[in-house]
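The residues making up each chain are set out below.
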Amino acid sequence: MEQNAEDYKLIFEKEGVYLHTNAKRSNHDTTIPGFIRIVERAGLPALEWSPLEDQGRSAPAVLYTKKDGEAGEEDTNFDPGYEPDWAVISTVKKDREHVPVKDSGQWSFSLPLSELYSLRKARFSLGRNFLVLTSRGGHPLPPLHFHRGGTRELLRALQRYIILDQSPVDGRLFLAYPHDSGALSQSFDKLQLLDDGGSDLVSRFIQDPYATTFGGFSKVTNFFKVAIRHPESTLHSRAAQDPGLPPQADDEPGFELITCGVELGPRPDVTRGPPLDKWGMFLDPEGRVKNPEKIKELVFRGGITPSLRKEAWKFLLGFYPWNSTTKEREDILRVKTDEYFRMKVQWKSVSEEQEMRNSLLRGYRSLIERDVSRTDRNNTFFSGNDNPGLTLLNDVLMTYCMYNFDLGYVQGMSDLLSPLLFVTQNEVESFWCLTGFMELVHQNFEESQEAMKQQLLQLSILLKALDPELCDFLDSQDSGSLCFCFRWLLIWFKREFSFNDILILWEVLWTRLPCDNFHLLIACSILQSQRGELIGSDHDFNTILKHINELTMKLDLQSVLRGAEAIYLQLVQCKELPLKVQEVLGLYVPSSSDEESPDSQASETQHLLSQSQAGAASSNAAPPTYP
């Protein structure tokens, strides 16, 4: 049907938008390529989708293979091209088989924007995100996937005609309202943005699991500006905004992290120091450590000289109390040695016949043997087929299964143990150092992965406060989840730095200075060091993931550590740092009515804040001290 040129106006058009005809019920989901458009017909705006015409019929359809649970099994022949144990595996498979594009005229739609009720981000257990539109009649339209990007541009264009606000009961759902003050006021009332509970909206992150061998973890990227803003700042500015003005942030429902609106000061210069190279001077006549805080600060500033690591690590990891005497430590070692070998005998004494009836122990043994055979084999301590270091690695991990029945063994734990065993050169001491290390990170390995989800959320909060432009770019490339940081956080960068660098990095992190989440600032430092390579490039989701993976062994640790500390000092100097950022840094402890926060002491963090601000006030000042 021909359109009168005066009655028809094309506002927005995007090619490569795939309509999914049966996204929930079919193992192989056939898709139809087409165009999404915003048009004005006789002055009335509408959202339209139509299939590609003649030339489009030769365009390849895209197949999606489902994972974990909904009709169908994983394709075991799929080769992701990199080590599957650690990689986030895209389940998208292009041109695996030819699927003819159906006669798709029946799927075209045109929806007046006045009839648009909501937009929803969904995944349907597939490897990509979908946008689902629902009309005011309650009828959902077929899911749309923006295979070449463009969701943000679409939503920017939609904002000329409608306002999108998050549903108070579903963080993935955004409701559409016309541009009039009454509707806008109603949307604020429904969202309760103007009362004290509004700032808690930041905690409503979106469950968006990726296909990994460790299971799903959250894609955490949707925040309101008011949710991350300092609570004293006004919440009425959005209501007062002129609808005709361009949006101040790239809005993409369920996917974006909106600018926090806080100006950070200059980032101070930070210098590293020499490693801790004296130990005896810190001991009193009975062998007690006189000044643990000073030792921690020296370790944080420069690490530990190799000859002292074996002794100092046992204090940093809680094997020995800081205030223990030499005699008490001898007693502790004797008791802990007996305890270790009692646990070791438990699994050593299990016969083959018994093990045949113990699938859990069998599974742990098989997984440990597989992981031990490929853990740090380039290190001389673990190289060769008959190396006793491999036997010790295996035995300590099997004994840990007896120590912690609930957790058992999870892949990645061998990476945590190998440096401990290398430094201590002792089976018993490495085991108890591992238990101390696991006290810090055991939640990373729990099946629910709630701790990993929370850390990705916290990393998103930090990065958005530091570099909104970088976050916006990652969002636009379907990478705003920061899923490529999963391995970094899981095993504390073990695969990203050389073995010797990891010894330094971990002892720095074990000091818990300047905050418990310093490892998140390490991640921010790495990401910001790569912003020039990422922003303005032709990267998409897969190439961003590939680029980050290829950083392995190419990062300069000292530069990363300087950057992370400088980021911390820059943030704590900010006078109006959002509470959510303060909470991540341990500078703000929610009241008892809020969710429990990680162990921190308010008095210590306030002292830390004042110390850091004073130390960073001048670039010529001495480095700050951390309590």
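Residues numbered from 1 in each chain as written. Predicted model: local features only at pLDDT ≥ 70, side-chain atom pairs only at ≥ 80, totals over all residues. Heavy atoms only, no water.

## Brief notes about the overall build of the chain
1) Next: Within the chain, the secondary structure is distributed over 22 helices and eleven strands.
2) Next: Burial analysis of the chain (627 residues in total) assigns 54% to the buried set.
3) Next: For the chain, the exposed area adds up to about 28,400 Å²; of that, 48% sits on carbon and sulfur atoms. (Helix = DSSP H or I, 4+ residues; strand = E, 2+ residues; numbered from the N terminus. Buried < 20%, exposed > 50% of the residue type's maximum accessible area, 1.4 Å probe, protein only. Areas by Shrake-Rupley, 256 points an atom, 1.4 Å probe, with all protein chains shown as cover.)

## Digging into the environment of arginine 329
1) Next: You can see arginine 329 is positioned in helix 7 (residues 326–348).
2) Next: When neighbours within four sequence positions are excluded, arginine 329 is seen to be in contact with Gly287, Glu311, Phe315, Tyr320 and Ser324. (Contact = heavy atoms within 4.5 Å.)

## A few points about helix 16 (residues 499–510)
Turn by turn, an α-helix covers 3.6 residues, leaving residues three or four places apart pointing in a common direction.
1) Next: If you check helix 16, its first and last C-alpha atoms are 17 Å apart, about what twelve residues at 1.5 Å a residue would give, namely 16 Å.
2) Next: Among the twelve residues that make up helix 16, ten are buried, leaving the element largely enclosed by the rest of the structure.
3) Next: Packing partners of the buried residues in helix 16 comprise helix 5 (292–302), helix 6 (306–316), helix 11 (413–424), helix 12 (427–441), helix 17 (518–529) and helix 20 (557–573). (Expected span 1.5 Å × (residues − 1).)

## Some points on the state of the cysteines
1) Next: Inspection of every chain in the model, using the stated rule, returns zero disulfides.
2) Next: Take cysteine 524: it sits in no disulfide, and the sulfur closest to it among the cysteines is that of cysteine 485, at 8.4 Å.
3) Next: Take cysteine 524: its relative accessible area is 0%, and that puts it in the buried class. (Disulfide = S-S within 2.5 Å.)

## A few points about the packing of aromatic side chains
1) Next: All chains considered together, the criterion is met by 22 aromatic pairs.
2) Next: A centroid spacing of 5.3 Å and a plane angle of 85° characterise the contact between phenylalanine 437 and tryptophan 510, whose relative ring orientation is edge-to-face. Of this pair, phenylalanine 437 sits in helix 12 while tryptophan 510 sits in helix 16, and the two are 73 residues apart along the sequence.
3) Next: Look at tryptophan 510 and you get buried, because its relative accessible area is 3%.
4) Next: Ring pairs connect the aromatic residues Tyr340, Phe341, Tyr400, Tyr403, Phe431 and Trp432, which therefore count as one cluster.
5) Next: In this arrangement the basic side chain of arginine 329 is found over the ring face of tyrosine 320, its NZ or CZ atom lying 6.0 Å from the centre. (Phe/Tyr/Trp six-rings, centres within 6.5 Å; stacked < 30°, edge-to-face > 60°. Lys NZ or Arg CZ within 6 Å of the ring centre and 35° of its normal.)

## Describing the pairing of strand 3 (residues 44–51)
1) Next: Most of strand 3 sits inside the fold, with seven of its eight residues counted as buried.
2) Next: In the sheet, strand 2 (residues 31–41) pairs with strand 3 via eight bridges, with the strands oriented antiparallel. Residue pairing in the sheet places isoleucine 38 in a bridge with leucine 47 of strand 3.
3) Next: Of the strand pairs in this sheet, strand 3 and strand 6 (residues 109–112) are connected by four bridges, and their pairing is antiparallel. Considered in strand 6, the bridge of alanine 46 is made with proline 112. (Pairing = 2+ DSSP bridges.)

## Focus: helix 17
1) Next: Counted at 1.5 Å a residue, the expected span for helix 17 with its twelve residues is 16 Å, and the 17 Å between its end C-alpha atoms agrees.
2) Next: Helix 17 sits mainly inside the fold: eleven of its twelve residues count as buried.
3) Next: Taken together, the buried positions of helix 17 are Phe518, His519, Leu520, Leu521, Ile522, Ala523, Cys524, Ser525, Ile526, Leu527 and Gln528.

## Here's the deal with the confidence of the model for the chain
1) Next: Averaged over all residues, the pLDDT of the chain equals 75, while 68% of them reach at least 70.
2) Next: When pLDDT is averaged over each element of the chain, helix 16 comes out on top at 98 and helix 3 (residues 225–228) at the bottom at 30.
3) Next: pLDDT under 50 marks residues 54–104. Its contacts with residues more than four places away, or in other chains, come to 110 contacts. (pLDDT = per-residue confidence, 0-100.)

## A word on the pattern of salt bridges
1) Next: On inspection of all chains with the given rule, the structure shows 30 salt bridges.
2) Next: Residue glutamate 339 is joined to lysine 336 by a salt bridge in which the shortest nitrogen-to-oxygen separation is 3.9 Å. Of this pair, glutamate 339 and lysine 336 both sit in helix 7, three residues apart, roughly one helical turn.
3) Next: For lysine 453, the salt bridge identified is with glutamate 450, shortest N-O distance 3.1 Å. Taken together, the residues lysine 453 and glutamate 450, both in helix 13 (residues 450–466) and three residues apart, mark about one turn of the helix.
4) Next: Residue lysine 453 is classed as buried on the basis of its relative accessible area of 9%. (Salt bridge = Lys/Arg side-chain N within 4 Å of Asp/Glu carboxyl O.)

## Let's talk about the nonpolar core
Generally speaking, a soluble globular protein has its nonpolar side chains buried in company with each other.
1) Next: By size, the foremost hydrophobic cluster in this structure holds 120 residues, and its most contacted members are Phe445, Leu505, Phe518, Leu521, Ile522, Leu571 and Leu585.
2) Next: Leucine 571 has contacts with Leu264, Leu462, Leu466, Leu521, Leu577, Val581 and Leu585, leaving out every residue within four places of it along the chain.
3) Next: The next biggest cluster of nonpolar side chains, apart from the first, holds 28 residues, and it includes Phe12, Leu47, Leu144 and Ala157. (Core = buried A, V, L, I, M, F, W, Y, C linked by side-chain atoms within 4.5 Å.)

## Quick look at unusual backbone geometry
1) Next: For the peptide bond that leads from leucine 513 to proline 514, omega is -10°, which places it in the cis range.
2) Next: Position of proline 514 among the secondary structure elements: in the loop between helix 16 and helix 17.
3) Next: Backbone geometry at alanine 42 places phi at a positive 55°, although glycine is not the residue there.
4) Next: You can see alanine 42 is positioned in the loop between strand 2 and strand 3.
5) Next: At aspartate 478, a residue that is not glycine, the phi angle is positive and equals roughly 65°.
6) Next: Turning to its location among the elements, aspartate 478 is positioned in the loop between helix 14 (468–476) and helix 15 (486–490).

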